[in-house]
Amino acid sequence: MIRKPTIDDVAAKAGVARVTVSRVLNNSPNVRNEVRERVLAAVSALGYQVNAQARYLASGSSRQLALVHATDLDAEPNSYYHSGLELGAMRACAELGYVLVTHTANPAKPEDRQRIRGLADSRRYDGVILTPPYSDDVELVEDLRKLDFPIVLISAGPEAGQHAASVGIDDRLAGFELGKFLVGQGHDSFVYIDGPADHISAGLRLSGFLEAISDAGLNAGVVRVLTGNFTFKAGVELSAQALASQPRPSAVVCANDDMAAGALFSAHRLGLNIPADVSITGFDDTPVSEIVWPPLTTVHQPLRQIGGKAVELLVDSIQNRHDKDAATTGIHVPFQLVERASTAVR
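Residues numbered from 1 in each chain as written. Predicted model: local features only at pLDDT ≥ 70, side-chain atom pairs only at ≥ 80, totals over all residues. Heavy atoms only, no water.

A. How the structure looks around the overall build of the chain. A count of helical and extended segments in the chain gives 14 helices and 12 strands. Buried residues in the chain amount to 50% of all 346 residues. The contacts of the chain with a sequence gap of at least 6 include a subset with a gap of at least 24, amounting to 73%. (Helix = DSSP H or I, 4+ residues; strand = E, 2+ residues; numbered from the N terminus. Buried < 20%, exposed > 50% of the residue type's maximum accessible area, 1.4 Å probe, protein only. Contact = heavy atoms within 4.5 Å.)

B. Geometry of the packing of aromatic side chains. Enumeration according to the criterion identifies three aromatic pairs in this entry. Look at Phe 190 and Phe 209: their rings are 5.4 Å apart centre to centre, the planes differ by 85°, and that puts the pair in the edge-to-face class. Remark: Phe 209 occurs in helix 9 (residues 200-215) and Phe 190 occurs in strand 6 (residues 190-194); sequence separation between them is 19 residues. What makes Phe 190 buried here is its relative accessible area of 2%. Accessibility expressed as a relative area gives 1% for Phe 209, which makes it buried. Aromatic pair Phe 232 and Phe 265: ring centres 5.9 Å apart, planes at 65°, arrangement edge-to-face. Placement of Phe 232 in helix 10 (residues 232-244) and of Phe 265 in helix 11 (residues 257-269) is noted, with a sequence separation of 33 residues between them. (Phe/Tyr/Trp six-rings, centres within 6.5 Å; stacked < 30°, edge-to-face > 60°.)

C. A look at the sheet that holds strand 8 (residues 251-254). Taken in spatial order, the four strands of this open sheet run 7-6-8-9, and their pairing is parallel. Looking at the sheet topology across the chains shown, the edges are occupied by strand 7 (223-227) and strand 9 (279-281). Averaged over all adjacent pairs, the angle separating strand axes in this sheet is 15°, with direction ignored. Looking at chain direction, strand 6 and strand 7 are connected through five bridges and run parallel. Residue Ile 193 lies in a different strand from strand 7, and its bridge partner there is Leu 226. Helix-sheet contacts for helix 10 involve strand 6, strand 7 and strand 8, and the interaxial angle to strand 6 is about 160°. (Pairing = 2+ DSSP bridges. Axes fitted to C-alpha atoms, helices over the stretch in contact; angles between N-to-C directions.)

D. Main features of the environment of Pro 5. By the element assignment, Pro 5 lies in the segment before helix 1 (7-14). With relative accessibility at 25%, the residue Pro 5 sits in the partly exposed group. Through-space distance from the C-alpha of Pro 5 to that of Gly 47 is 7.3 Å; in sequence the pair is 42 residues apart. Setting aside its immediate chain neighbours within four residues, Pro 5 contacts Leu 46, Gly 47 and Tyr 48.

All we've got here are geometric facts, nothing functional implied.
Next up, the structure:
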């Protein structure tokens, strides 16, 4: 049987002390570059692999972070939102020496909230990142905080943001800018396909949009709000009803790009010319927004940047557990209104 190389073998080959190898493997800054390179070369030459369990027992840190997505496995998934966040988070983890483990949970199942609490109880992870609507579940957030478990929230609303560190765009302002843009194009009747009722960041977008309509001197009755669930199917079904009715709205505004792609599908099926007959907008600026026809006017939400910043905040929280200000830091990353061919001046 071939014996696996040990940390002592690496130390002997690199000509350094065992503790120096440990420092290099734990990304300690207190090691000279020349020594670090020798140790890493010895690790590569010997094929040495860190015993993760032993590291955890020795340090009390698993170097693993959990990312929780809200997903109904029986429904159509969001095409890019989750993967965009995950990609940014994975890159940040790689740079900071952590491993990202993703979990899915169904908001319709109360037992899944208990499963999230179990992530903290298990101590398999050093911290967790929650996405909506879990990032707005104040009771869940408080439960995790009581366990002294580091936590960062994605796109949390004002209330949850008081209890834990958070990162996202200014959703209310983004909705306002989108409404202001459409009113500036001369639109005066709207169907707004919103996200789920418990999705506070989507609600903030709608609030900002309605504020822009009001500021323009238009009556709130010019906006018909429909509740969707962020899926292509919802966009197809809800927009079909709205576009077949008379008078037809001049613009269909969707709370994400998947529903906007569904609205485009319905408009094409009804023989409508976009944007001459109706303008359609999305939100997020996911890849689908550029490959549909016509390409969607949307709001760019930098998902990878948000995922990466969430990891940075979480690691900072892990390393500064007693810093209360760091534990409730709120960061807004910039968004951008992206005008494409799905909207036009009336």
